Amino acid sequence: MKEVYQVPASQSLQGDVIISGAKNAVLPLMAATLLCRGTSIINNVPQLDDVDTMADVLRYLGAKVELQGSRLTIDTRECDGYQAPYHLVTKMRASIYVLGPLLARLGQASVALPGGCAWGPRPVDLHIAGMQALSAKVELSHGNIHAHAGRLKGADFTFPISSVGATVNLLLAAVLADGTTRLFNAAIEPEIDNLVDQLNAMGAQIFGKGSNTLVIEGVAELQAAEIDAIADRIEAGTYLIAAAITKGKLTVKQVQPSHLTALIDSLTATGALVYCEDDSITLDAQRRTLKPISIKTGPYPLFATDLQPQWMTLCVSLAGVSQVTDTVYPERFQHVAELCRLGANIRVKGNTASIIGTPSLSGAPVKASDLRAGAALILAGLIATEHTDISDIHHLDRGYQNLIGKFANLGVTIHRHASHTTDCQTKTTPLLSLCG
Ligand code: EPZ
C-alpha cells in the first residue's frame, strides 16, 4: 500500500531532538561481523528499513540477527553462505559491503551488481578493482560479481577518487589478507573511523585512522567484539536545516559536533546563531533575517552531499540568489522538479543549481525520488502556505527513525496515511530504491 506524509503549513520548529545511530555507520559494522565466527554486538542501532535489509542479507548467509531496542546481536557461528542475491541487493546498494568479508573469510563471494538509482549510475568498479589488487579473481556474469581467491594477499591500492563504500570494502577484505595492505586516498568520513575501531576491537591491525592513508597488517583470524555506532550526522544536519528554514530554535542531542563543521560554518554564514556543547548543537534563527549561502559538496570534511537537497530547500526559502553544486553526485537534482512544483525558482546547469529565493511556497502533491530528496520535500512543506502531500515515503523509512515522533516533539504534526493516488506518477522503478 502506497503511503503519504501530509506536512502541515507554516510551522516553526522549537525544542530538542535526540539523534539516532548512523545508518551509514551501522551498515559497514554489520557487514564486518561476517569476518569472524562468534556473537557480535552493535549498540546505538537505529530502527530503519536499511538495517532490516542488511539483517536479511546476513540471515541469508546463515547468521542469526536480533535487534532489541537499539542493541543488535549478530551470531555468525553458522555463517557459511557466500551469495548475496539480486532481490536483496536491489533493495539496498550497501549490500555490496558483504563482498570484502566473504572473500576474506571464505575465499569466495557472489554478489549481485547494484543498479543505478534516482540520480544516475552508482558504479562499483573501485570495489572490484580493489579486490583484484588483493589477488582476487573477479568475473561479472548475469548481473552478478563472482569473486574468488585462495587467501587474499596484501597490496598497495590508490583510490583515484574518494569512495566511502570502496574504502569500506577494502578494509573488510584486507584485515584477513596475507601481508600488508596500504590504502592511499582512502575516504576519511567518520563512519570509516567507526569501522576501524570495530575491526581493531576484533583483533585487526589497522593504522592511520582518520587519515587518507590506511595501513592494514593482515591477521589470521578475528574475534567477535562489541561496538557503539556513531550518531547520524546527516539526520542531525537535516533537523538543524529545518530549524533554520522555519526560523525556529532547536537542539540536536547525542551528536558529535566535530562531524558537522562544514554545515555549522554554512549555517552560521546565513546569519543563524549556532552553538555547540560536547554532544549537542543548538541553532537559533528566531527573529533573525537569514541570507542564502552557496555551497559546494565534497568528500568529508567538506559539505556532505547527503545534506545538499535539504540545503537547497533552505536556499529556496530565503530571499536572494544562491548556487548549490554537487561534486560527488553531479546529477543529484531529482528534488529540483518537485521543489519547483511547490513554487521554487531553480535552474540546473551541469552539476550546479541556481536558486532565486521564494518568500513562500504553495502546498502541492509531490513525490520523494530518494531518501534525502524526500527530506528536502518535508522541509519545504513546513514553509508552504498550505499542507503538502509527499508520496513514495518508503524512501524516508530507510534513513530517518521515528520521523513523525521527532517532528511532533518539535511542535509539528506530520500525518501518515494511505495514498489513493493511482496515477502513473507514483509508480517508481525498484532501481530508485538503490540510492543509499
Ligand atoms: C556512501 O555511498 C553513502 N551510503 C551515501 O549516502 C553518500 O552519499 C556517499 O557515500 C558519499 O558520501 C552509505 O554509506 C550506505 P561513494 P557510496 O563510493 O559509498 C563514485 C544516503 O543518502 N564511485 O563515496 O556508494 C560514485 O559514483 C546515501 O545515506 C565510483 O565511481 O558513495 C560517487 O560519484 C546516498 N566507483 C563517488 O565515487 C565506485 O566503485 C563517491 O561515492 C564507487 C564510487
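Cut-off values and rules
- Residues numbered from 1 in each chain as written.
- Predicted model: local features only at pLDDT ≥ 70, side-chain atom pairs only at ≥ 80, totals over all residues.
- Heavy atoms only, no water.
- Core = buried A, V, L, I, M, F, W, Y, C linked by side-chain atoms within 4.5 Å.
- Buried < 20%, exposed > 50% of the residue type's maximum accessible area, 1.4 Å probe, protein only.
- Helix = DSSP H or I, 4+ residues; strand = E, 2+ residues; numbered from the N terminus.
- Contact = heavy atoms within 4.5 Å.
- Axes fitted to C-alpha atoms, helices over the stretch in contact; angles between N-to-C directions.
- Parallel < 35°, antiparallel > 145°, perpendicular 65-115°, else oblique.
- Left-handed = near helix turned anticlockwise from the far one by under 90°.
- Nonpolar A, V, L, I, M, F, W, Y, C, P; charged D, E, K, R; others polar.
- pLDDT = per-residue confidence, 0-100.
- Disulfide = S-S within 2.5 Å.
- Pairing = 2+ DSSP bridges.

Here the focus is the nonpolar core. Judged by nonpolar contacts, the single largest core of 79 residues is most densely connected at Met30, Leu35, Leu171 and Leu199. Considering every element that reaches this core, the biggest residue donor is helix α6 (residues 164-174), with seven residues. Residues contacting Leu199, with those up to four places away along its chain left out, are Ala32, Leu35, Leu171, Leu172, Val175, Ala204 and Ile206. Counting 71 residues, the second-largest nonpolar core is a separate cluster that includes Ile293, Val324, Leu339 and Leu371.

Here we come to the packing of helix α1 (residues 23-32) against helix α7 (residues 190-201). Where α1 meets α7, the closest approach of the two axes is 9 Å, and the angle between their N-to-C directions is 25 degrees. With respect to α7, the axis of α1 lies roughly parallel. Like other packed secondary-structure pairs, α1 and α7 cross with a definite hand, here right-handed. Taking contact as the criterion, the partners of Asn24, Ala25, Pro28, Leu29 and Ala32 in α1 are, on α7, Glu191, Asn194, Leu195, Gln198 and Leu199. Among the residues making up the contact of α1 with α7, the classes are represented as six nonpolar, three polar and one charged.

Turning our eyes to something else, we now look at the confidence of the model for the protein. Averaged over the protein, the pLDDT score is 93; the fraction of residues at 70 or greater is 95%. Taken as a whole, residues 423-436 scores under 50 in pLDDT and shows 44 contacts with residues more than four places along the chain or in a different chain.

Okay, the state of the cysteines next. Tallied over the entire structure, the rule returns zero disulfides. Cys79 supplies the cysteine sulfur nearest to Cys36, a cysteine that is in no disulfide, at a spacing of 9.5 Å. For Cys36, a relative accessible area of 2% corresponds to the buried category.

Spatial strand order, β4-β5-β3-β14: four strands in an open sheet with mixed pairing. In this open sheet, the two edge strands, each paired with only one partner strand, are β4 (64-68) and β14 (226-228). Neighbour to neighbour, the strand axes of the sheet diverge by 15 degrees on average, direction disregarded. Bridge count for strand β3 (residues 39-43) against β14 is three bridges, and the pairing is parallel. Pairing of Ile41 across the sheet is with Glu226, part of β14.

Excluding glycine, residues mostly have negative phi values, and the peptide bonds linking residues are mostly trans. Along the chain, Tyr300 connects to Pro301 via a cis peptide bond; the corresponding omega equals 10 degrees. Relative to the elements of secondary structure, Pro301 occurs in the loop between β18 (295-296) and α10 (308-317). Even without being glycine, His142 reaches a positive phi, approximately 50 degrees. Residue position: His142 is located in the loop between β8 (137-141) and β9 (144-148). Positive phi, close to 60 degrees, is recorded for Gln254, a residue that is not glycine.

A word on the sheet that holds strand β10 (residues 156-158). With respect to topology, four strands assemble into an open sheet ordered β10-β11-β13-β12, the strand pairing being mixed. Looking at the sheet topology across the chains shown, the edges are occupied by β10 and β12 (205-207). Averaged over all neighbouring strand pairs, the angle between strand axes comes to 15 degrees, with direction disregarded. Sheet topology places β10 next to strand β11 (residues 180-184); three bridges connect them, and they run parallel. If you follow Thr158 over to β11, its bridge partner there is Phe184. Against the sheet, α6 contacts β10, β11, β12 and β13 (213-217), and its axis sits at roughly 20 degrees relative to β13.

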